[in-house]
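Given next are the chains, with one letter for each unit.
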2 protein chains.
Amino acid sequence: VPLTPQRIGIVGVGLIGASLAGALRRSGSYVVGFDSSTPAASTALEKGLVDETAGDLSGAVQNADVVILAVPVLAILGLLPVVDALARPDALILDTGSVKRPIVEAMQTLPGACRAVGGHPLAGSERSGSGAANSDLFRGRPFILTASVASSPAAKEGAREIVRRVGARPVTMDAERHDRVLARTSHLPQLLASSLAASLELGDVDAAGPGLRDMTRLAGSDVAIWNDILMLNRGHLVNEAHRFIARLQEMVTAVDQGEMGQVEEMMRNGASRAALVQEAVPV
Amino acid sequence: VPLTPQRIGIVGVGLIGASLAGALRRSGSYVVGFDSSTPAASTALEKGLVDETAGDLSGAVQNADVVILAVPVLAILGLLPVVDALARPDALILDTGSVKRPIVEAMQTLPGACRAVGGHPLAGSERSGSGAANSDLFRGRPFILTASVASSPAAKEGAREIVRRVGARPVTMDAERHDRVLARTSHLPQLLASSLAASLELGDVDAAGPGLRDMTRLAGSDVAIWNDILMLNRGHLVNEAHRFIARLQEMVTAVDQGEMGQVEEMMRNGASRAALVQEAVPV
């Protein structure tokens, strides 16, 4: 894996893929984008985020030093064997899926397992598509890297180099821990936002303030992408959701019984952890 | 109640009181602020949000055309009889508490019931205190007015005038409906944010993205203010929380059983309602 990849193929130029493309192109690479949606690819090209668009998958993959898979997680699982067969033997294969264990397990079984590394940039937005992409999306953000047992040191270093070149901060984590933590920090919040939004009655919008806006923003996320994530991480997600429901129920019972000392303690506990999150993720 | 009040007394110059003060001062009124915290009052004065600060409650109330109570809801309940006794007979008494039925019921029993109107500006922030105040906080936001059966037409018109002068949009609603709707749009979201934040483990902050930041922002709200709100509206809140938990549990069960069609339908339902909220509350 060359440390300064010249040619990068990006499969899927939605919000994540096109933003990575723009950041990598700016850092000096030649970026070829492919998307099964021709309008998405055209937008990425018009916005100057890719150097060229490929007419098919092999056009983006065959001559690339690095191939980045930025499609929904089920599509990544389907593409991995195909990309492994098409890519140069020394090419790095990196993905951006939000669930890592099934992907890393699939990577391990590839003939070219040594050059594949799992990745997950912690950026994004409830907006989707290349129209919402921007080259600064990953600046200062964590980009989790989950190597498999088969990943070579060169592939791991190549992945870190990509992360640095998009302005992100590499965080290494094993795939199992990634999925458990993300169930709590991302997948459960998504369910909460959707459930809260679905609970609203139509006239409620008259009484909507900034708090409700923030608490339902995620509910506008791309449903197709999220369906894959929720399904593939359902073990951890269901577990975290049950823990959350038990905690919420405990708080509701304390409110119901007027145990305000207990409610206050729970709120202070939440406030101290929320402060860490606000500090870690600048607006 | 004069339509262009000259002198306005504001009791409590925290985030809401000091922001109202600044907006009303800018619109031409003479604003006297009182706060049991001397530093809060000094900050409001230094920031030019009030014309003067009063040394005690009567200094803010006695000669005012309008008295605005901007303290936590339990404190409003305690102050109402005192303010009613101190204020001029023709003065408007308006409050800003987040729970309205107990306040409007207390207003009805005052000797000066005819000149008291309940109010609730739907603005605010997880930040608190006069240091976070700004005169534009209410611009374009709904300001709910909940008159009591005893409120005079002049008092109701006076309250609408105050709302317009701070740049907000008057929305009239009965107190019972206000409390039911706000349980859903504000008080339950507060519990969710606090419970979610309290569920986080310390290392989770490495995997925090913008979604988690938004979903836990409210958990940083002022605990003392929220304790009052949760307790005074616990009937509606507990009811809405149970409905929410049932809906979330249904979604979690669908995920667990791989019923992704059902999950997708629930997410689409949430997305369409979330879109209305995002539209109603600009960033």
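These notes cover the structure that comes with them. (Residues numbered from 1 in each chain as written. Chains lettered and ligands numbered in written order. Predicted model: local features only at pLDDT ≥ 70, side-chain atom pairs only at ≥ 80, totals over all residues. Heavy atoms only, no water.)

## Things to note about the overall build of chain A
So, point 1. Regarding its fold elements, chain A presents 11 helices and eight strands.
So, point 2. Computed over the C-alpha atoms, the radius of gyration of chain A is 20 Å, within 12% of the 19 Å expected from 2.2 N^0.38 for a compact globule of 283 residues.
So, point 3. Looking at chain A as a whole, 58% of its 283 residues qualify as buried.
So, point 4. The long-range share in chain A, meaning contacts at least 24 apart out of those at least 6 apart in sequence, stands at 70%.
So, point 5. Of the roughly 10200 Å² that chain A leaves accessible, carbon and sulfur atoms contribute 52%.
So, point 6. For chain A, the distance from the average site of its 26 positive side-chain charges to the average site of its 30 negative ones is 7 Å. (Helix = DSSP H or I, 4+ residues; strand = E, 2+ residues; numbered from the N terminus. Rg over C-alpha atoms; globule rule 2.2 N^0.38 Å. Buried < 20%, exposed > 50% of the residue type's maximum accessible area, 1.4 Å probe, protein only. Contact = heavy atoms within 4.5 Å. Areas by Shrake-Rupley, 256 points an atom, 1.4 Å probe, with all protein chains shown as cover. Lys, Arg positive; Asp, Glu negative; His and termini not counted. Charge placed at Lys NZ, Arg CZ, Asp CG, Glu CD.)

## A closer look at the nonpolar core
So, point 1. With 113 residues, the main nonpolar core has Val11(A), Leu230(A), Phe244(A), Leu230(B) and Phe244(B) as its most contacted residues.
So, point 2. Setting aside its immediate chain neighbours within four residues, Phe244(B) contacts Leu192(A), Ser195(A), Leu196(A), Ser199(A), Leu248(A), Leu188(B) and Leu192(B).
So, point 3. Judged by nonpolar contacts, the second largest core, of 33 residues, contains Ile16(A), Val31(A), Leu49(A) and Ala155(A). (Core = buried A, V, L, I, M, F, W, Y, C linked by side-chain atoms within 4.5 Å.)

## A word on the pattern of salt bridges
So, point 1. If you walk through the whole model with that rule in mind, you get 38 salt bridges over all chains.
So, point 2. With a shortest N-O distance of 3.2 Å, Arg139(A) and Asp136(A) are connected by a salt bridge.
So, point 3. By relative accessible area, Arg139(A) is classed as exposed at 52%.
So, point 4. One continuous salt-bridge network, built from bridges that share partners, spans Arg184(A), Glu240(A), Arg243(A), Glu201(B) and Asp204(B). (Salt bridge = Lys/Arg side-chain N within 4 Å of Asp/Glu carboxyl O.)

## A few points about the interface of chain A and chain B
So, point 1. Contact residues are listed per partner, giving 83 residues for chain A and 83 residues for chain B.
So, point 2. Summing both partners gives a buried area of about 8000 Å² for chain A against chain B, and 67% of it is carried by carbon and sulfur.
So, point 3. Together, Arg213(A), Met215(A) and Met267(A) form the three largest contributors to the area buried by chain A at its contact with chain B, with a combined 9%.
So, point 4. Inspection of the chain A/chain B interface yields six salt bridges.
So, point 5. The tally of links between chain A and chain B comes to 23 residue pairs in polar contact (both at pLDDT 80 or more).
So, point 6. Listing elements by their share of the side of chain A that touches chain B, those giving two or more residues are β7 (142–147), α7 (175–199), α8 (210–216), α9 (223–232), α10 (234–256) and α11 (260–280) of chain A.
So, point 7. For the side of chain A that touches chain B, the element with the most residues is α7(A), which contributes 17 residues.
So, point 8. Of the residues that constitute the side of chain A that touches chain B, the class distribution is 48 nonpolar, 19 polar and 16 charged. (Buried area = accessible area lost by both parts, 1.4 Å probe. Polar contact = N/O pair within 3.5 Å; in protein donor to acceptor, adjacent residues only side chain to side chain. Nonpolar A, V, L, I, M, F, W, Y, C, P; charged D, E, K, R; others polar.)

## Some details on the sheet that holds β7(A)
All names here are of chain A.
So, point 1. Read across the open sheet, the eight strands follow the order β3-β2-β1-β4-β5-β6-β7-β8; overall the sheet is mixed. Sheet topology places β3 (52–53) and β8 (169–172) at the edges, where each strand pairs with a single neighbour.
So, point 2. Two strands pair when backbone bridges link them, and strand β2 (residues 30–34) and β3 are joined in this way by two bridges, in the parallel orientation. Bridge pairing links Gly-33 to Thr-53 in β3.
So, point 3. Running at roughly 165° to strand β6 (residues 116–121), helix α5 (residues 101–108) makes contact with β5 (92–95), β6 and β7 of the sheet.
So, point 4. Strands β6 and β7 of the sheet are contacted by α7, whose axis makes an angle of about 140° with β7. (Pairing = 2+ DSSP bridges. Axes fitted to C-alpha atoms, helices over the stretch in contact; angles between N-to-C directions.)

## Some details on the sheet that holds strand β7 (residues 142–147) of chain B
Residue and element names in this part refer to chain B.
So, point 1. Spatial ordering of the open sheet is given by β3-β2-β1-β4-β5-β6-β7-β8, a layout of eight strands whose pairing is mixed. The open sheet terminates on both sides in strands that have one partner only, identified here as β3 (52–53) and β8 (169–172).
So, point 2. As paired elements, strand β5 (residues 92–95) and strand β6 (residues 116–121) share two bridges and run parallel to each other. When the bridges of β6 are listed, Leu-94 appears paired with Val-117.

## Some details on the relation of the copies chain A and chain B
So, point 1. By a simple turn and slide, chain A fits onto chain B: the slide is 0.0 Å along the axis, the RMSD is 0.0 Å, and the turn is 180°. In short, the pair behaves as if placed about a two-fold rotation axis. (Least-squares fit on C-alpha atoms with pLDDT ≥ 70 in both.)

## Describing α9(A)
So, point 1. The complete set of buried residues in α9(A) reads Val223(A), Trp226(A), Asn227(A), Asp228(A), Ile229(A) and Leu230(A).
So, point 2. Looking at the buried residues of α9(A), the elements they touch are α4 (73–86), α7 and α10 of chain A together with α10 (234–256) and α11 (260–280) of chain B.
So, point 3. The N-capping residue of α9(A), defined by a side-chain oxygen 2.9 Å from the backbone nitrogen of Ala224(A), is Asp222(A).

## Quick notes on the side chain of Glu240(B)
Residues and elements named next belong to chain B.
So, point 1. As for its placement among the helices and strands, Glu-240 is situated in helix α10.
So, point 2. The class of Glu-240 is buried, set by a relative accessible area of 5%.
So, point 3. What Glu-240 contacts, discounting residues up to four positions off in sequence, is Arg-180, Ala-183, Arg-184 and Leu-188.

## Topic: the packing of α10(A) against α10(B)
So, point 1. Across the interface, α10(A) lies against α10(B) with an axial gap of 10 Å and an inter-helix angle of 170°. In this view, α10(A) runs roughly antiparallel relative to α10(B), as classed from their interaxial angle. For α10(A) against α10(B), the interelement crossing comes out left-handed. Along its contact with α10(A), which presents Arg234(A), Leu237(A), Val238(A), Ala241(A), His242(A), Phe244(A), Ile245(A), Leu248(A), Gln249(A), Val252(A), Val255(A) and Asp256(A), the element α10(B) presents Arg234(B), Leu237(B), Val238(B), Ala241(B), His242(B), Phe244(B), Ile245(B), Leu248(B), Gln249(B), Val252(B), Val255(B) and Asp256(B).
So, point 2. For the contact of α10(A) with α10(B), the residue count by class is 16 nonpolar, four polar and four charged. (Parallel < 35°, antiparallel > 145°, perpendicular 65-115°, else oblique. Left-handed = near helix turned anticlockwise from the far one by under 90°.)

## Looking at the environment of Val181(B)
So, point 1. Structurally, the position occupied by Val181(B) is in helix α7 (residues 175–199).
So, point 2. Overall, the relative accessible area of 1% leaves Val181(B) in the buried class.
So, point 3. Sequence separation of Val181(B) and His120(B) is 61 residues, and the distance between their C-alpha atoms is 13 Å.
So, point 4. Among residues more than four places away in sequence, those in contact with Val181(B) are Asp204(A) and Ala207(A).

## Examining the side chain of Arg141(B)
So, point 1. Relative to the helices and strands, Arg141(B) resides in the loop between β6 and β7.
So, point 2. The side chain of Arg141(B) is buried and forms no salt bridge, while Asp206(A), the nearest opposite charge, is found at 9.8 Å.

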